[in-house]
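Geometric and topological summary
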Amino acid sequence: MLSTLPRLPIFQAVAGHDPEAVAVAHSPSGRSFTYGQLLADVSRARDWLREAGGGADLDGARIAFLVENSYDYVVTLLAAMAARSIAVPLSPAFPAPELQYILNHSEASLLVSSPKFTSRAEEVLAMELTLQPTHLELAKHVSGQERRHVTLEGTDPAGAGLMLYTSGTTNRPKGVLLPQSVLTAQCQSLMQAWKYTPSDHLLHVLPLHHIHGTVNALLTPLFAGSSVEFMFPFNAHAVWKRLAAPFLAGTTTNGTTTRSKVTFFTVVPTVYSRLLASHKSLPAELQEAARQAISPANLRINISGSAALPTPVKAAWQTLSRGNVLLERYGMTEVGMALSCGLDFADRVDASVGWPLPSVQARLVDVDTGEVIPPGQDVDAAGRERPGEIQLRGPTIFKEYWRNPDATAKEFIADPGGHGPWFKTGDVAVRRPVPSAGHNAGQPWARGPLYFIQGRLTADIIKTGGEKVSALEVERELLSLPEVAEVAVVAVPSGNWGHKVGAIIVLDTDVIQQWSPMDMRRALKSRLVNYKIPQVMRVVDHIPRNAMGKINKKQLARAIFADDFSGDEK
Ligand code: AMP
């Protein structure tokens, strides 16, 4: 049977890969699917979507879907784009009212569910919805037996794209619209920077309703012809077993792909922390095979991002892997990846997120004066680094917040130069030259001073007694103390100080059982100037984080420091 798909760059790339090469594998079952199958299955699923839509035009229509991390997810996502519609992945972990909100807000006309989530979908569809989507249940496996010959024709992408919802820590989640041209630009930028290849095998342990899991760990590998193996939800022991499998004599694993060695791993810092903690409890033989698996000779690239990477985690990973250095990068839903360290170990500078990625234009805007900080003038007359808001421009930046022109207008600022508006990230950084870095001839984008993230302007830049303190800098110092296992540094409102610097700490109970604010201050004395040392501190058992390891600091500060608010703050 003959079928066509639109000539979008992603389909052109997929059609160009070896049709026998593995595109997607599923770790627990050992099943795998080739690039040849993928194209055929996407065209078949696109036909189902069209039929379910009543044969109507799907251009730009929103297709929401609840599908587990699997080949079926990949097919559904690509089929929605092939129908020139906007794919809206939903997290099965969201409570029903959250799903209801997204369906209402996106005005989805279709809700696709896999058999596993049919009842979830039915539950939401029974709630009050402004527009009742048609429910399409996927067959048990979308991979068809019938071979189709797929050709590409028609270059008009129309409304094809992806919509991801922001975490919505302060307001209701916003729909971030990423047209396929933006996704393509993001993938091309990452391919150039991190050099994904057809021989890369990526182990995928992240949720798929965030940019990290979707663009960095799925769409870009598919663009490059790499293999993606799903293993979700993340389980440290299972991941170690899987990484170690190719290096253990006599192990039997399902299928051939799950015996492939993993060459590419991109996760959030908390995943590295949990892997480091659980490695000690593995049987000796497994411990050794796991170390071999993550050594630089085998794991080609290990990336960390979505939250700041603590230096002790980076150092411990380097020791455990016998020399592999974590590569840190910075990005957000609205912009994909924006800044990244380089491939040379010398270009993976501690505490830095590197340089603007290929095709990304970045600038820093002084948080006090609102002036653009000219390159080379990153230090003021008194020799102090000038923190600035990161602003970005270029083909990788999102188009708009869905049906929210006010929010969109607020976050973009026009540029008198006429080269398009800049997106205000709300994140603050300083730039600093590092003479030993930035010399890789193959990575010309990795040049000049490096960016160091100070945190979010609204939550991490704490104004205390007229000084500005970066919560991330204080967290970095606290985390390098042996007593501290986890920390969140937050702003505690105070009538006298504007804000006080507050620390919420989980102790490493192997090291210490009790720790007082006085102990903390003593330990930080030689590391931080006085005004940066937290004035208030609480020890807790647990710091709540979302699926990407992020902390809602405002909520946390309110919950933990309620008694410390002076009562005379405005
Ligand atoms: P999200 O849109 O949910 O991916 O969150 C993006 C936010 O995560 C950014 O605006 C930053 O505040 C934070 N972030 C991402 N990467 C890093 C990093 N490497 N270091 C510190 N913060 C980061």
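Description of the structure in this document. For clarity, every value in this text was computed on a predicted model and none was experimentally measured.

Within the secondary structure layout, Arg 62 lies in strand S4 (residues 62-66). Between the C-alpha atoms of Arg 62 and Pro 395, which are 333 residues apart in sequence, the distance is 23 Å. Residues contacting Arg 62, with those up to four places away along its chain left out, are Ile 86, Val 88, Ser 106, Glu 107, Ala 108, Ser 109, Leu 110, Met 163, Trp 402 and Arg 403. Of the polar contacts made by the side chain of Arg 62, one reaches the backbone oxygen of Gly 60; its length is 2.9 Å.

It is worth spelling out the site of the ligand at this point. Taken together, 15 residues lie around the ligand, and Glu 328, Arg 329, Thr 333, Asp 427 and Lys 550 are the ones closest in. At 2.7 Å from a nitrogen atom of the ligand is found a main-chain nitrogen or oxygen belonging to Arg 329. Here an oxygen atom of the ligand and a side-chain polar atom of Thr 333 are 2.6 Å apart. Calculation on the ligand without its partners gives an accessible area of 500 Å², and the protein chains cover 89% of this total. At the level of secondary structure, the elements contributing two or more residues to the shell around the ligand comprise strand S15 (327-332) and strand S23 (450-456). Of the residues in the shell around the ligand, the class split is six nonpolar, four polar and five charged.

What follows concerns the packing of aromatic side chains. All told, the structure shown has 11 aromatic pairs when counted by the stated rule. Plain terms: the ring middles of Phe 65 and Tyr 73 are 5.1 Å apart, the flat faces sit at 55° to each other, and that makes the pair tilted. For the pair shown, Phe 65 and Tyr 73 are each scored as buried. Grouping aromatic residues by their ring pairs yields a cluster made of Trp 240, Phe 265, Tyr 272 and Trp 317. Across from the ring centre of Tyr 101, 4.1 Å away, lies the NZ or CZ of Arg 172, which sits over that ring. Here the basic side chain of Arg 432 rests over the ring of Phe 452, its NZ or CZ set 4.1 Å away from the ring centre.

All buried positions along helix H8 (residues 236-244) are accounted for by Ala 236, Val 239, Trp 240, Arg 242, Leu 243 and Ala 244. On its buried face, H8 is in contact with strand S11 (201-204), strand S12 (227-230), strand S13 (264-267), helix H9 (269-279), helix H10 (284-293) and helix H11 (311-320). The opening residue of H8 is Asn 235, an N-cap whose side-chain oxygen sits 3.1 Å from the backbone nitrogen of His 237.

Below, the discussion takes up the sheet that holds strand S20 (residues 400-401). Strand order in this open sheet of seven strands is S7-S6-S4-S5-S9-S10-S20, and the pairing throughout is mixed. The open sheet has two edge strands, strand S7 (134-137) and S20, and neither has a second partner. In terms of strand pairing, strand S6 (residues 110-113) meets S7 through four bridges, oriented parallel. Along S7, the bridge assignment pairs Val 112 with Leu 136. Helix H3 (residues 71-82) rests against S4, strand S5 (86-89), S6 and strand S9 (161-165) of the sheet, and its axis sits at about 175° to S4. Its contacts with the sheet put helix H6 (residues 180-194) on S9 and strand S10 (175-179), and the angle it makes with S10 is roughly 75°.

Moving on, we come to helix H7 (residues 211-224). Here H7 lies mainly inside the structure; 14 of its 14 residues are buried. Once H7 ends, the next one or two residues include Gly 225, with phi positive near 85°.

What follows is about the packing of helix H1 (residues 9-16) against helix H2 (residues 35-52). Contact geometry of H1 with H2 gives a least axis separation of 8 Å together with a crossing angle of 140°. Put simply, H1 runs oblique to H2. Of H2, the residues touching H1 (which contributes Phe 11, Val 14 and Ala 15) are Tyr 35, Leu 38, Leu 39 and Val 42. Taken together, the residues that form the contact of H1 with H2 break down as seven nonpolar, no polar and no charged.

Examined against the element boundaries, Thr 266 turns out to sit in strand S13. Under the relative-accessibility criterion, Thr 266 is labelled buried at 2%. Apart from the residues lying within four places of it in its own chain, the contact partners of Thr 266 are Leu 202, Leu 206, His 212, Ala 217 and Ile 303.

About the cut-offs
- Residues numbered from 1 in each chain as written.
- Predicted model: local features only at pLDDT ≥ 70, side-chain atom pairs only at ≥ 80, totals over all residues.
- Heavy atoms only, no water.
- Helix = DSSP H or I, 4+ residues; strand = E, 2+ residues; numbered from the N terminus.
- Contact = heavy atoms within 4.5 Å.
- Polar contact = N/O pair within 3.5 Å; in protein donor to acceptor, adjacent residues only side chain to side chain.
- Near = heavy atom within 4 Å.
- Areas by Shrake-Rupley, 256 points an atom, 1.4 Å probe, with all protein chains shown as cover.
- Nonpolar A, V, L, I, M, F, W, Y, C, P; charged D, E, K, R; others polar.
- Phe/Tyr/Trp six-rings, centres within 6.5 Å; stacked < 30°, edge-to-face > 60°.
- Buried < 20%, exposed > 50% of the residue type's maximum accessible area, 1.4 Å probe, protein only.
- Lys NZ or Arg CZ within 6 Å of the ring centre and 35° of its normal.
- Pairing = 2+ DSSP bridges.
- Axes fitted to C-alpha atoms, helices over the stretch in contact; angles between N-to-C directions.
- Parallel < 35°, antiparallel > 145°, perpendicular 65-115°, else oblique.

Function cannot be read off these values alone, since they describe shape.
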